[in-house]
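# Architecture and fold: a report
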Amino acid sequence: MFFATTGLTRPPRGISNHRARGMLSLREYQERSLDALAAYLRAATTEGADVPFYRATGRPYIAVSALPGMPYVCLRVPTGGGKTFMACHAVGIAAREYVRAESVVCLWLAPSSAIVKQTLDALRDRRHPYRQEVDRAFSGNVEVMSLADALSVPRSRMDGAACVIVGTLQSLRVDDTEGRKVYESAGALQHHFSGLPAELSGELDREGEGAVVYSLANVLRLRRPVVVMDEAHNARTELSFDTLARLRPACILEFTATPETRHQPERGHFASNVLHHVSALELKAADMVKLPIRLRTRGDWRDVIGDAIAKQRELEAHAQEERNDTGEHIRPIVLFQAQPVSDKELNVEALKKRLIEDFKVPEEEIAVATGTTRETRDVDLFADDCLIRFIITVRALAEGWDCSFAYVLCTLSSVATARGVEQVLGRVLRLPGARRKNRPELNCAYAFAASDDFMKTARGLTDALVEGAGFQKLEAKDLVIADERESQALFDEGPMFAEASEPVSETPNLTGLPAGLRSRVSYEPSTSVLTVRRPLTRRDEAELRGCFTKPEDHEAVHRIARKTRGEGPIREPIRVPLLAIRSEGGTLEMFEESHLLDAPWNLATCDSTLGEALFPTVERAGVEGEIDITSAGRMEMIGYPARLHAHHSRLFGEPGWTDVELANWLDRNIPHADVPRAHSSLFILNVLSGLIKNRGITVEQLARRKYPLARAIEERIAEHRREQRKRAYAVLLLPDAAAPLETSAELCLTIDGTRYDPGWCYDGPWRFRKHLIPVVGELKGEGEEYECAVFLDHELTGVDTWIRNLESRPQTSFWLQTSTDRFYPDFVVRLTDGRVLVVEYKGEDRWSNDDSQEKRKVGDLWAARSGGKCLFVMPKGKDFGAIERAIRPL
């Protein structure tokens, strides 16, 4: 399906145009984050910043006193998740959903000068995906400049174009040399202030005698910028808030891996309003990052260096095989984290000398990247002819450096604390090309550390993932694992699965085991049970398998090993028959939204009346705001959304419009991918004619209110679309439909857990035994839905395995099409008799509403047409007996 890329368009609900746009496509987790942002900003235009945030997150919105009523939210994305690309999409979303303007000023604030330069270079390059996305959002009418460029920017470059200004927050502060220029009067900016209405000029900073200061700060105050904060955890201070307040932003959007989570204003800690959180599991499932991280420790730092070099050679051999198969070029790189200059034995120069003299590494394969020496600057590390395989740093790679060829981190300390390694660790996480490799070794990252204490080092590495890369603690401990040579696995305070047992059919001969392994293995002849204490590496597992001759005992050893490593029991995938429809050629297709669009309808013949509720005759543009005293002692009022939108209308004004011109503008800016333009343009003209004739509203008045008018027409089209789809849906569900729906094993979804990517993980008291994989996603540890999960896992007879079904994962989760969207039931269960049970928990207060009734109808239809192989149950509240009754054999 094609979506227009000109103007400010948005697809109807249930259809996403993110994936279709551009050379670089959004991943599903990025779409989910940006959809959450769009929904929030859309609601904030009428409800303010706090109510939509609470509705979306269940947490109170933390307002900033210097910026009252203004949306200030955060999208949390771990390292390697594509935050900058998401931010480029967010600029257009903010313009469309909140500012409601065809062009905006975006003030893009990066954490350092190095990242400012990278961002500017990318946004100025029309071939770069970042610039391509901003161009698409604003029809190519985009200006990109540095903060220094903006100090003398002509008004003509900002009027009517989307203007992206890139700088640092520090450079906006008055106490900074560059920052003072932002607030100083400049004759080059004088023309920005000519012809302003009195109500706008009254909002600007003035000199002592009352004259308007011709400053960049005042230009920004006029334009009400959308502020993008890159790695915003460094900006949550009162000083930063006061600095931003002086620019009167429309909204502030944070993108960071590690938002501030503490809210202690008295201590200077101000928590971020995290609107949506992306998990590391989502990144892994999307092939964005190298995981797990395989850790090896050695007591002697010389051995650590040798191991890291050997791993590089091993990975390069795998990379050559990968290139022979796929053509993809990868040259694995080791990052050596040396010690400070004061350590004469292991500082940068000493380490480089040892690599050359003791390990025979060619000097041309080594580069130094420190604060004073930047041998990687202006070097294309991805080039075929680049020889660099080893980079020595201390912490200089922490900012502005990114090369997905970096596979190995070798630190010559124990990594006992996160602070010394957290940012450098992030440099080895990105997966080249964001594509899974055929060689599994190339899908992992590797860490080597000089330490006698594996567990202490592992905890430090885990903390680094949490504090520096933005992983959740539950994820991090499972994504850092022991290398093959280690004899322990990583858990918070030692091995979580300290012991595992399985019955075996023969008495093992344990005498040949290595002493360390032998001391952890026992066999009880009276019960024929084999027990292992402490986690088994794969090498340990192979040694223990050699003590048995029968295949079933080899499987028992494998089950024990998986349990000790926390990998959970091995379960067969769940195969779920899908609800399908036969095409005209007889091919079975999954029943989805496109089949509802096949039914013919003509929007031009639909009722074009807009009621007062959708579009009131008298504009409701009351001004809301808060009056406060700024840190400079000035009284200031900052407006809420109604004032913001009126502000933009007054600033840019409206030329004369005809009804046809206005209809064409509306048609371009209202998404209707399923409606031919010939139908939509006539419908919109009918709407305008009705408003002009029946309500006496002039074209000029309608043009001034074109954004609320577009939303009203969009909603009117959506009403007609819903009615049409309900009619088409009802016909398709009939047993005598021209192409009746069927549930067939010919078309199945296989759920094996390999792509299970919850945004957050269950951390409740009950330890689930029958879940398909050890991780249970997006389930709270309390409440009736949790009780339903415990019932399925512990109390319901006949359950073989089950999985928590995740929403908004159309490729990996089970869903059924309703007349409006996709319905993702809560739980998918395989019974011991082979039948598939799908359960959608619903509270008593919602069980009878229209949405629940439609879900029950399609769920029951899916089950009824499966020939008894599938079951669907929607218990009413805690009536879990309904599930028991449903699975009883007839």
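Residues numbered from 1 in each chain as written. Predicted model: local features only at pLDDT ≥ 70, side-chain atom pairs only at ≥ 80, totals over all residues. Heavy atoms only, no water.

## Here's the deal with the nonpolar core
The nonpolar side chains of a soluble globular protein tend to be buried, and buried together. Formally: In this description, a nonpolar core means a group of buried Ala, Val, Leu, Ile, Met, Phe, Trp, Tyr and Cys residues linked to one another through side-chain atoms lying within 4.5 Å. Note on exposure labels: buried denotes an accessible area under 20% of the residue type's maximum, exposed denotes more than 50%, and partly exposed covers the range between, all computed with a 1.4 Å probe on protein chains only. Segments assigned H or I by DSSP are reported as helices when at least four residues long, segments assigned E as strands when at least two residues long, and all are numbered from the N terminus. Here, residues are in contact when the closest pair of their heavy atoms is within 4.5 Å.
Membership of the largest hydrophobic core comes to 176 residues, with the highest contact counts inside it found for Trp 108, Ile 165, Phe 336, Leu 666, Leu 709 and Ile 713. The biggest single contributor to this core is helix H3 (residues 83-99), with eleven residues. Excluding anything up to four places from it in sequence, Trp 108 contacts Thr 84, Ala 87, Cys 88, Val 91, Thr 119, Leu 123, Val 164, Ile 165, Val 166, Gly 167, Val 228 and Asp 230. Ile 574, Ile 581, Ile 773 and Leu 861 belong to the second-largest nonpolar core, a separate cluster that totals 31 residues.

## As for the sheet that holds strand E17 (residues 529-533)
The criterion, for reference: What makes two strands pair is DSSP finding at least two bridges between them. Axes here mean lines fitted to C-alpha atoms, for a helix over just the part in contact, with angles spanning 0 to 180 degrees between N-to-C directions.
Taken in spatial order, the three strands make up an open sheet running E15-E17-E16, and their pairing is antiparallel. Each edge of the sheet is formed by a strand with only one pairing partner; in this case those strands are strand E15 (499-503) and strand E16 (521-524). Neighbouring strand axes in the sheet, compared pairwise and without regard to direction, differ in orientation by 20° on average. Of the strand pairs in this sheet, E16 and E17 are connected by four bridges, and their pairing is antiparallel. Looking at the pairing, Glu 524 lines up with Val 529 of E17. Strands E15 and E17 of the sheet are contacted by helix H20 (residues 551-564), whose axis makes an angle of about 160° with E15.

## What to know about the environment of Leu 109
Along the chain, Leu 109 falls in strand E2 (residues 105-110). Since its relative accessible area comes to 2%, Leu 109 is described here as buried. Leu 109 sits 122 residues away from Glu 231 along the chain, and the two C-alpha atoms are 8.9 Å apart. Residues contacting Leu 109, with those up to four places away along its chain left out, are Gly 167, Thr 168, Leu 169, Leu 172, Val 227, Val 228, Met 229, Asp 230 and Leu 244.

## Here we look at the packing of aromatic side chains
Test applied: Note on aromatic pairs: the rings of Phe, Tyr and Trp (six-membered ring only in Trp) are paired at centre separations within 6.5 Å, and the planes decide the class, stacked below 30 degrees, edge-to-face beyond 60, tilted for the rest. Placement of a charge over a ring requires the Lys NZ or Arg CZ to be within 6 Å of the ring centre, with the centre-to-atom vector within 35 degrees of the ring normal.
What the rule picks out here adds up to 18 aromatic pairs. For the pair Phe 591 and Tyr 729, a centre-to-centre distance of 6.1 Å together with 25° between the ring planes defines the contact as stacked. One end of the pair, Phe 591, is in the loop between strand E19 (588-590) and helix H21 (593-597); the other, Tyr 729, is in helix H26 (residues 706-733), and 138 residues separate them in sequence. Take Tyr 729: its relative accessible area is 4%, and that puts it in the buried class. Both rings, one in Trp 802 and one in Phe 827, keep their centres 5.8 Å apart while their planes meet at 75°; by these two values the pair is edge-to-face. Of this pair, Trp 802 sits in strand E23 (residues 799-804) while Phe 827 sits in strand E26 (residues 827-831), placing them 25 residues apart in sequence. On the accessibility criterion, Phe 827 (0% relative accessible area) is buried. By the ring-pair criterion, three or more aromatic residues cluster together here, those being Tyr 762, Phe 768, Tyr 786, Trp 802 and Phe 827. Lying over the aromatic face of Tyr 183, Arg 246 brings its terminal NZ or CZ to 4.2 Å of the ring centre.

## Points about the sheet that holds E19
With respect to topology, three strands assemble into an open sheet ordered E19-E18-E22, the strand pairing being antiparallel. At either margin of the open sheet sits one strand with a lone partner, and together these are E19 and strand E22 (742-751). Between one strand and the next, the sheet's axes are offset by a mean angle of 55°, whatever the strand orientation. Sheet strands touched by helix H28 (residues 850-864): strand E18 (574-582) and E22. Its angle to E18, the strand with the most contacts, is close to 100°.

## Some points on the pattern of salt bridges
Counted only if it meets this: In what follows, salt bridge is the name for a side-chain nitrogen of Lys or Arg lying within 4 Å of a carboxyl oxygen of Asp or Glu.
Counting across every chain of the model gives 60 salt bridges. Of the charged contacts in the structure, one is a salt bridge between Arg 157 and Glu 143, with a shortest N-O distance of 2.9 Å. Residue Arg 157 is found in helix H7 (residues 155-158), and its partner Glu 143 is found in strand E3 (residues 142-146); the two are separated by 14 residues along the sequence. Judged by its relative accessible area of 28%, Arg 157 falls in the partly exposed class.

## Points about unusual backbone geometry
Across the junction of Leu 291 and Pro 292, the peptide omega takes the value 0°, indicating a cis bond. Inspection of the secondary structure puts Pro 292 in the loop between helix H12 (280-285) and strand E8 (293-298). In the Ramachandran plot, Ser 139 falls in the positive-phi region, its phi being about 55° despite a non-glycine side chain. Tracing the backbone shows Ser 139 in the loop between helix H5 (129-137) and E3. One non-glycine residue, Ala 434, adopts positive backbone phi at about 50°. Relative to the elements of secondary structure, Ala 434 occurs in the loop between helix H15 (422-425) and strand E13 (445-450). Take Ala 434: its relative accessible area is 18%, and that puts it in the buried class.

## Quick look at the state of the cysteines
Applicable threshold: Counting rule for disulfides: a pair of cysteine sulfur atoms within 2.5 Å.
As enumerated under the stated definition, the model contains zero disulfides in all. Looking at the unpaired Cys 163, the closest cysteine sulfur is the one in Cys 106, lying at 9.1 Å.

## Some words on H20
What counts is decided by this rule: Under the convention used throughout, the expected extent of a helix is 1.5 Å for every residue step, that is, one less than its residue count.
Look at H20: 20 Å from first C-alpha to last across 14 residues, which is about the 20 Å you get at 1.5 Å a residue. At its buried positions, H20 is contacted by E15, E17 and helix H19 (538-545).

## Focus: the confidence of the model for the protein chain
Close inspection of predicted coordinates is inappropriate for parts of the model with low pLDDT. Using the following cut-off: A score from 0 to 100, pLDDT tells how confident the predictor is in each residue.
Model confidence for the protein chain is summarised by a mean pLDDT of 84, while 85% of its residues fall at 70 or above. Strand E27 (residues 836-839) holds the highest mean pLDDT among the elements of the protein chain, 98, whereas strand E20 (residues 625-629) holds the lowest, 45. The model gives residues 486-497 a pLDDT under 50, and that stretch makes 41 contacts with residues more than four places away or in other chains. Low pLDDT (under 50) marks residues 621-640, which in the prediction has 39 contacts with non-local residues, meaning those over four places away or in another chain.

## Details of the packing of helix H1 (residues 28-47) against helix H2 (residues 50-57)
Formally: Here is the rule for angles: anything less than 35 degrees is roughly parallel, anything more than 145 is roughly antiparallel, 65 through 115 is roughly perpendicular, and the remaining ranges are oblique. Charged means Asp, Glu, Lys or Arg here, nonpolar means Ala, Val, Leu, Ile, Met, Phe, Trp, Tyr, Cys or Pro, and polar covers whatever is left, Gly included.
H2 packs onto H1 with a crossing angle of 140° between their chain directions and a minimal axis gap of 7 Å. In terms of their interaxial angle, H1 and H2 are classed as oblique. Across the interface between the two elements, Tyr 40, Ala 43, Ala 44 and Glu 47 from H1 touch Asp 50, Val 51, Pro 52, Phe 53 and Arg 55 from H2. Along the lines of polarity and charge, the residues of the contact of H1 with H2 split into six nonpolar, no polar and three charged.

## Digging into helix H13 (residues 301-326)
The condition that has to hold: Here a polar contact means two N or O atoms within 3.5 Å. Within protein one must be a hydrogen donor candidate and the other an acceptor candidate, and residues neighboring in sequence count only if both atoms are side-chain atoms.
With 26 residues, H13 extends 37 Å between its outermost C-alpha atoms, agreeing within 8% with the 38 Å of an ideal straight helix rising 1.5 Å per residue. For H13, the complete set of buried residues consists of Trp 301, Val 304, Ile 305, Asp 307, Ala 308, Ile 309, Lys 311, Gln 312, Leu 315, His 318, Ala 319 and Glu 322. Against the buried residues of H13 lie E8, strand E9 (333-337), helix H14 (348-357), strand E11 (390-393), strand E12 (406-411) and E13. Measuring from the backbone nitrogen of Arg 302 back to the side-chain oxygen at the start of H13 gives 2.8 Å, which picks out Asp 300 as the cap.

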